[in-house]
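Chain and residue survey
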Amino acid sequence: MNYRHAFHAGNFADCFKHALLIWLLRALQRKPAGMMMLDTHAGIGRYDLESGPAARTGEARAGIFRLLEQPHPALADYRGVVQTLGLYPGSPVIARHLLRRQDRLVCCELHPEDAEALRGCFFRDKQVSVHERDGYAAVGGLLPPAERRGLVLFDPPYEAADEFYRLTDALTLAHRRFPGGVLAAWYPVKHRAPVRAFHNALRDAGIKDMLAAELWLREPLDASRLNGCGLLVINPPFKFETEVPPLLDALLTGLGDGEHGEGIALLRLADE
Ligand SMILES: C[S@@+](CC[C@H](N)C(=O)[O-])C[C@H]1O[C@@H](n2cnc3c(N)ncnc32)[C@H](O)[C@@H]1O
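This write-up is about the structure you can find in this document. Predicted model, so just to flag it, every value in this text is computed and none were measured.

**Considerations on the overall build of the protein**
Scanning the protein from N- to C-terminus turns up ten helices and ten strands. Taking the principal axes of the C-alpha coordinates as reference, the protein spans close to 45 × 40 × 35 Å. Taking all 272 residues of the protein together, 56% fall into the buried category. Taking contacts inside the protein between residues at least 6 apart in sequence as the whole, the part at least 24 apart equals 77%. Taken as a whole, the protein presents about 11900 Å² of accessible surface, with 52% of it coming from carbon and sulfur. Side chains of the protein carry 32 positive and 34 negative charges; the gap between the two charge centres is 6 Å.

**Here's the deal with helix H7 (residues 135-142)**
Looking at H7, one finds that the buried residues are Gly135, Tyr136, Ala138, Val139 and Leu142. When H7 is viewed along its axis, its buried side chains cluster within an angular range of 150 degrees and face the same direction. Elements that come into contact with the buried residues of H7 comprise strand S1 (36-39), strand S4 (104-108), strand S5 (128-131), strand S6 (150-154) and helix H8 (163-177). Its side-chain oxygen placed 2.8 Å from the backbone nitrogen of Tyr136, Asp134 serves as the N-cap of H7.

**Quick look at the sheet that holds strand S8 (residues 210-216)**
Strands sit in the order S5-S4-S1-S6-S7-S9-S8-S10 across an open sheet of eight strands; the sheet is mixed. Since the sheet does not close on itself, it has two edges, and those belong to S5 and strand S10 (263-270), each with one partner. On average, each strand axis in the sheet is inclined to that of its neighbour by 15 degrees, with strand direction left out of account. Sheet analysis places S1 next to S4, joined by four bridges and oriented parallel. Directly across from Met36, in S4, lies its bridge partner Arg104. H8 rests against S6, strand S7 (182-189) and strand S9 (228-234) of the sheet, and its axis sits at about 170 degrees to S7.

**Focus on the packing of aromatic side chains**
In total, this model carries five aromatic pairs according to the counting rule given. Judged by centre distance (4.9 Å) and plane angle (40 degrees), the rings of Phe164 and Phe198 are tilted. Remark: Phe198 occurs in helix H9 (residues 192-204) and Phe164 occurs in helix H8; sequence separation between them is 34 residues. In this structure, Phe164 and Phe198 share a single accessibility class: buried. Taken together, the ring pairs in this structure connect Tyr158, Phe164, Trp186, Tyr187 and Phe198 into an aromatic cluster. Here Arg192 stacks its cationic end above the ring of Trp216, 5.1 Å away from the centre of that ring.

**Thoughts on the environment of Arg96**
Along the chain, Arg96 turns up in helix H5 (residues 91-98). Residue class for Arg96 comes out partly exposed when judged on its relative accessible area of 22%. Counting along the chain gives 26 residues from Arg96 to Phe122, while the straight-line C-alpha distance between them is 8.9 Å. Discounting chain neighbours no more than four positions away, the residues touching Arg96 are Leu105, Phe122, Asp125, Gln127 and Val128.

**Some words on the pairing of S6**
Counting buried residues in S6 gives five out of five residues, a clear majority hidden from the surface. The two faces of S6 match: Gly150, Val152 and Phe154 on one face and Leu151 and Leu153 on the other face are all buried. With four bridges connecting them, S1 and S6 associate as parallel partners. From the neighbouring strand, Leu38 faces S6, where its bridge partner is Val152. The pairing of S6 with S7 spans four bridges and is classified as parallel. Along S7, the bridge assignment pairs Leu151 with Val182. Note on the crossover from S6 through H8 to S7: the handedness is right-handed.

**Focus: the side chain of His199**
By the secondary structure assignment, His199 is in helix H9. Residue His199 is classed as buried on the basis of its relative accessible area of 5%. Within the structure, His199 has its side chain in polar contact with the side chain of Tyr187 (distance 3.1 Å). Those residues in contact with His199, other than ones at most four positions away along the chain, are Tyr187, Met210, Ala212, Glu214, Leu232, Leu267 and Leu269.

**Thoughts on the packing of helix H4 (residues 76-85) against H5**
Two numbers describe how H4 lies on H5: the axes approach to 11 Å, and their chain directions differ by 100 degrees. Comparing their axes, H5 and H4 come out roughly perpendicular. Contact residues: Val81, Thr84 and Leu85 in H4; Val93, Ile94, His97 and Leu98 in H5. Among the residues forming the contact of H4 with H5, the class breakdown is five nonpolar, two polar and no charged.

Rules and cut-offs
Every chain is numbered on its own, with residues counted from 1 as its sequence reads. Restriction of local features to residues with pLDDT of at least 70 applies here, the model being predicted, together with a cutoff of 80 or more for giving and counting side-chain atom pairs; totals for whole chains, interfaces and linings are based on all residues. The basis for every side-chain value is the complete set of non-hydrogen atoms in the structure, without hydrogens or water. Counting from the N terminus, the helices are DSSP H or I runs at least four residues long and the strands are E runs at least two residues long. Only protein chains enter the area calculation, which uses a 1.4 Å probe; residues under 20% of their type maximum are buried, those over 50% are exposed, and those in between are partly exposed. Contact between two residues is taken to exist if any of their heavy atoms lie within 4.5 Å; hydrogens are not considered. Per-residue accessibility takes into account occlusion by the displayed protein chains alone, with areas from the Shrake-Rupley method and a 1.4 Å probe. In this tally Asp and Glu are treated as negative and Lys and Arg as positive; neither His nor the chain ends contributes. A single reference atom marks each charge: NZ on Lys, CZ on Arg, CG on Asp, CD on Glu. As used here, the arc belongs to the directions running from the helix axis to the C-beta atoms. Counting of polar contacts relies on pairs of N or O atoms within 3.5 Å, with two restrictions inside protein: one atom must be capable of donating a hydrogen and the other of accepting it, and residues adjacent in sequence are counted only when both atoms are side-chain atoms. Between any two strands, at least two bridges found by DSSP are needed for them to pair. Every angle, taken between N-to-C directions, lies between 0 and 180 degrees, and every axis is a line fitted to C-alpha atoms, over only the stretch in contact when it is a helix. Pairing of aromatic side chains here covers Phe, Tyr and the six-membered ring of Trp, requires ring centres within 6.5 Å, and sorts the geometry by plane angle: under 30 degrees stacked, over 60 edge-to-face, intermediate tilted. Only Lys NZ and Arg CZ are tested; either one counts as a charge over a ring when it is within 6 Å of the ring centre and within 35 degrees of the ring normal. Look down the strands so they point away from you; if going from the first strand over the helix to the second traces a clockwise path, that crossover is right-handed. When an angle is under 35 degrees it counts as roughly parallel; over 145 it counts as roughly antiparallel; between 65 and 115 it counts as roughly perpendicular; any other value is oblique. Three classes are used, and their members are as follows: Ala, Val, Leu, Ile, Met, Phe, Trp, Tyr, Cys and Pro are nonpolar, Asp, Glu, Lys and Arg are charged, and the others, Gly among them, are polar.

Written as structure tokens, this is what we have:
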């Protein structure tokens, strides 16, 4: 486990993922009944972008710092959440901020130091639990939630060659155990072939009602670079197909440099 999210916090991929995460949580909260969010690969929760690993890579300069400088109305909600929370928030801290009294958050983080740091964010918080364990394996035990409503976010580091396969198996299992749950998985777009294979594998598993939102900063041809990223969503909430494209447009306006082949897409991978 070499991946440490602190080096990448606030980069364009984080902005994409977190803006869509906020949309998904707000969509689930249109109904008053409580819900559970499971964050299978949670990270440390808060990141200092001004010093340490994030400052060394400077990835946030092409990410959240740009979005904060050029306020686009479609991203006002996302920007507001980031500004309210101060130290740059990762997915569990964003989710915690949005929880209502009837909701709860469950986090898994396998790296012992990162899990410890994450626990520190939620000390004595009764609505949040942090497990130092494999987020994929946790799917079997933690789903379905008692609330029978919720969101599972898979955000693995993709440092292992078989990450797409493990993710496919975990999504398939999560869908079997929690058929009505909203399941979201972030993925890198380096080049297209592995992404197509991932989508096809889930289709072949018989999963219905599946969409993917994607953003590329350039044509995904050089497999050694993170050219773009996507979020696959199973059981997307109502209005995903109409309300998410303006978010993608705004993200590209804010984060793109006009490189050849940049773009966005909302793909329907399987019908309802
Ligand atoms: C991309 S980062 C997560 C970022 C976080 N979701 C956010 O948006 O702020 C991936 C995290 O997964 C952790 N990790 C790696 N393998 C894991 C596994 N099998 N189960 C749970 N966590 C894992 C890494 O230590 C890392 O902190």
